[in-house]
Each structure stands twice: as C-alpha cells, then as structure tokens.
Amino acid sequence: MKGLAILLWSATPERPDRCAAPFVHAMAAAALDCEVEIHFSGAAVALLIAGAAAEAHTAAGKPLYAFMQEAAALGVRFYACSMAARQHLPPDAALVPEFTGHAGATAFVARTLDPEWRTLVF
C-alpha cells in the first residue's frame, strides 16, 4: 500500500467533537510510513482558515490545530477542495501554514480508484 487519502467533510469548526479522529488516523498511517493526504471538503475547508482550528477544542480539551500541526509534522498533506473553497472561504482568508494546495473531487476519486491507496471518509 502506498498511501491513505482521508476525505474530511462532516468535521467542521462548529462540530469539534468530530475533528480529532481524522487527524489521529492520519498520524497513525504516517507513523506506519504511509503517504497521507487529508482532503478538506464542504464546510470542513473552514478548518484551514488561520485561527479557526485553534479555537475549536476537541472533547479532550486539546485545540484541533495541535492535532493538525502534529499530523503535518509527520508529513501529512492538507488539500482544500477547489469548489468548497470558493463557497466557504473568504477570497482574502489567511490559511494555516500547513495548507498544501487545492485538489478537487476528481483527485480524491482518483485515490479511491488507485489500488495502491486506501481511503477514509469523516
């Protein structure tokens, strides 16, 4: 197996209780020497706005941004869906430094069809 692609769509700043698990799974896969991508889709792209994840606290009381930083330190890449970004991000929004770039639905679907990749949806 080459990599793991995670689609994040139900974990949003308004639902921080849903936010930690995707990053924990990403870190676990990265620790197993997997290439890992998190694809932020729908309203979840708002987590990429600088400060948004720092204000969202998980059930354990830890800021979500701490999970994001830990995952990025292990090489996890963060992609925003282009369509979701146009809909949910202000044009001049400052994004977290861990943001890798844009990747639309086709990029994630390509990962689901690639036999060397596995996918998870949160």
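I will try to describe carefully the structure that is included in this document. (Residues numbered from 1 in each chain as written. Predicted model: local features only at pLDDT ≥ 70, side-chain atom pairs only at ≥ 80, totals over all residues. Heavy atoms only, no water.)

**With respect to the packing of helix α1 (residues 20-31) against helix α3 (residues 64-73)**
Here is step 1 of the chain: Between α1 and α3, the shortest axis-to-axis distance is 9 Å and the interhelical angle comes to 20°. Classified by the angle their axes make, α1 and α3 are roughly parallel. Considering the relative orientation of α1 and α3, their crossing is left-handed. Across the interface between the two elements, Ala20, Phe23, Val24 and Met27 of α1 pack against Leu64, Phe67, Met68, Glu70 and Ala71 of α3.
Here is step 2 of the chain: Classifying every residue of the contact of α1 with α3 by side-chain character gives eight nonpolar, no polar and one charged. (Axes fitted to C-alpha atoms, helices over the stretch in contact; angles between N-to-C directions. Helix = DSSP H or I, 4+ residues; strand = E, 2+ residues; numbered from the N terminus. Parallel < 35°, antiparallel > 145°, perpendicular 65-115°, else oblique. Left-handed = near helix turned anticlockwise from the far one by under 90°. Contact = heavy atoms within 4.5 Å. Nonpolar A, V, L, I, M, F, W, Y, C, P; charged D, E, K, R; others polar.)

**Concerning the sheet that holds strand β2 (residues 35-40)**
Here is step 1 of the chain: Reading across the sheet, the five strands line up as β4-β3-β2-β1-β5 and stay open at both edges, with parallel pairing between neighbours. In this open sheet, the two edge strands, each paired with only one partner strand, are β4 (99-102) and β5 (117-121). Neighbour to neighbour, the strand axes of the sheet diverge by 25° on average, direction disregarded.
Here is step 2 of the chain: The pairing of strand β3 (residues 77-80) with β4 spans three bridges and is parallel. Along β4, the bridge assignment pairs Ala80 with His102.
Here is step 3 of the chain: Each of β1 (3-8), β2, β3 and β5 touches α1; the most contacted strand, β1, lies at about 170° to it. (Pairing = 2+ DSSP bridges.)

**Quick look at the pattern of salt bridges**
Side-chain pairs of opposite charge can arise where the charged atoms are in close proximity.
Here is step 1 of the chain: Enumeration according to the criterion identifies five salt bridges in this entry.
Here is step 2 of the chain: We note a salt bridge from Arg15 to Asp17, for which the minimum N-O separation is 2.9 Å.
Here is step 3 of the chain: Two residues, Glu37 and Arg77, come together in a salt bridge whose shortest N-O distance is 3.0 Å. Residue Glu37 is located in strand β2, and its partner Arg77 is located in strand β3; the two are separated by 40 residues in the primary sequence.
Here is step 4 of the chain: When salt bridges that share partners are traced, they join Glu35, Glu37, Arg77 and Arg111 into one network. (Salt bridge = Lys/Arg side-chain N within 4 Å of Asp/Glu carboxyl O.)

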